[in-house]
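One-letter residues, chain by chain:
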Amino acid sequence: MKYPVEEIKSFMESWAKDEYQLSWDNSGSQVEFKENTDSVVLAMDVTDKVIDKALEMDAKLIISHHPMFFSGSKNIIEGTYLGDNIIKLIKNNISVFSYHTSMDVADDGVNDTLFEKLDLKNKSTLTYEEEKPMGLIGEFERELTLTDLDKLLKEKLQVCKIKYYGREDRNIKKVAILGGTGSDFISQAKEVGVDAYITSDIKYHDGQRAYEDDLILVDVGHFCSERIILPKIKKKLQENFMDLDFYIQESSSFELDI
C-alpha cells in the first residue's frame, strides 16, 4: 500500500515538532513533492548513495537526521556534488524531510533513545539552550570501571573506536549523555557532578580540561551517538503505516576503516 508523503510528514512533525528545533537549525522539509510512497529510506545524511538507494527502491521519501540544507544554497549547478544530488531528487520527485535538533529534543528522540540503549535510570535534564532541554543525566545500576564502560558502549552502540579523556582510575556510575556534538556543555556536566560525559566531537583541549577537572569525557563518534534514532523512526512509522518498506543507512559515508 502506498501512503501520501504529506501524511508521513504530518506524523513525523507531531513527534519531532518544528518548534523544538534550535534557531540555527533547518529541520523539516528540504525537498517536498505531492507523491505517494510504499517505501522510505532512513539515513543520517542525504548522500548520493542514499539517493541512489531511494531510486533503486522507487522510494519517494528520504528521512534524514542531519538537514540537507543548513544555509541557503545560492545555485544549483549540474556537475557539482550538491547540484547533482538536488537535480536527481527533483527529476525523480523524491521528498526529503530532516529532523535534527527537533528530534534531539523530542520525547523518545535521540537523547531518550541513547538513555534507553545504555540502560540508565533516574533521568533528568543536563542543561537548557534557548529554553529547550539539552542532554540527559542518568545512572548505571552499578559502578563501572572504564573497561566495563568500554565493553558496554561497544555492545550497545555498535561502535569500534571510542576516545576517552581524563583519569583512567575513575569509577563511573552517574553520567551525562548528549547525542551529537556535546563539547559546548562540558562545564554543565562538571557542575552537576557526573563521573563521565558521553557525547562526541571532543576537542584536544577539552580532553586536557577533563583531566584537570577529574571528569571522564567519552567520545563515541558523532554518527554512532545518533544513528540509534533510525531504528526508532522505523519502529514508529511501522506502527502507524503498516505496509511501508524501509532501508536504513547502516554506516557513515564519511569514515574509512583501513
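You'll find the structure just up there.
None of the values given here were measured: they were computed from a predicted structure.

J.: Which residues make up the overall build of the protein, and what are the values?
T.: Along the backbone of the protein there are 10 helices and 13 strands. The C-alpha atoms of the protein give a radius of gyration of 19 Å, which matches the 18 Å a tight globule of 258 residues would have. Based on the C-alpha atoms only, the size of the protein along its principal axes is roughly 55 × 40 × 35 Å. Looking at the protein residue by residue over its 258 residues, the buried ones come to 51%. Here the analysis covers contacts within the protein between residues at least 6 apart in sequence; of these, 65% occur between residues at least 24 apart. Across the protein, 32 positive and 49 negative side-chain charges occur, with their mean positions spaced 2 Å apart.

J.: Tell me about the sheet that holds strand β7 (residues 121-129), and please be specific about residues and values.
T.: Ordered in space as β7-β8-β10-β11-β12-β9, the six strands form an open sheet in which the pairing is mixed. The two strands at the open ends of the sheet, each matched to only one other strand, are β7 and β9 (163-165). On average, each strand axis in the sheet is inclined to that of its neighbour by 25°, with strand direction left out of account. Relative to strand β8 (residues 132-144), β7 runs antiparallel, the two being bridged by six bridges. Bridging from a neighbouring strand, T125 pairs with L136 of β8. Along the sheet face, helix α6 (residues 146-157) touches β8, β9, β10 (172-181), β11 (196-200) and β12 (216-219) and points at about 120° away from the line of β8.

J.: Would you mind going over helix α3 (residues 81-91) in detail, with residue names and values included?
T.: Every buried residue of α3 is accounted for by G83, N85, I86 and L89. Buried residues in α3, looked at end-on, bunch into an arc of 165°, giving them a common side. Considering only its buried residues, α3 is in contact with β2 (28-31), α2 (48-57), β5 (61-64) and β6 (95-98). Two or three places before G83, at the start of α3, stands the capping residue T80, its side-chain oxygen 3.1 Å from that residue's backbone nitrogen. Taken from the residues just after α3, N93 is the one with a positive phi, measuring 55°.

The rules behind these values
Once a new chain begins, its residue numbering starts again from 1 and follows that chain's sequence as written. In keeping with the predicted nature of the model, local features appear solely for residues at pLDDT of at least 70, side-chain atom pairs appear and are counted solely at 80 or more, and the whole-chain, interface and lining totals rest on all residues. Each side-chain value is worked out from all heavy atoms of the structure, with water and hydrogens disregarded. Secondary structure elements are defined from DSSP: runs of H or I of at least 4 residues count as helices, runs of E of at least 2 residues count as strands, and each element is numbered from the N terminus. Every radius of gyration here is taken over C-alpha atoms, with the globule rule written as 2.2 Å times N^0.38, N being the number of residues. Burial classes: relative accessible area under 20% of the type maximum marks a residue as buried, over 50% as exposed, and values in between as partly exposed (1.4 Å probe, protein chains only). Two residues form a contact once any of their heavy atoms are found within 4.5 Å. Positive charges come from Lys and Arg, negative ones from Asp and Glu, while His and the chain ends are left out of the count. Positions of charges follow a simple convention, taking NZ of Lys, CZ of Arg, CG of Asp or CD of Glu. Strand pairing follows a simple DSSP-based rule, namely that at least 2 bridges must link the two strands. Whenever a helix is involved, its axis is fitted only over the stretch in contact; in every case the axis is a line through C-alpha atoms, and angles between N-to-C directions fall within 0 to 180 degrees. Working note: the arc is built from the helix axis to C-beta atom directions. Two N or O atoms count as a polar contact when they lie within 3.5 Å, although within protein this holds only if one can serve as hydrogen donor and the other as acceptor, and sequence-adjacent residues are included solely when both atoms are side-chain atoms.

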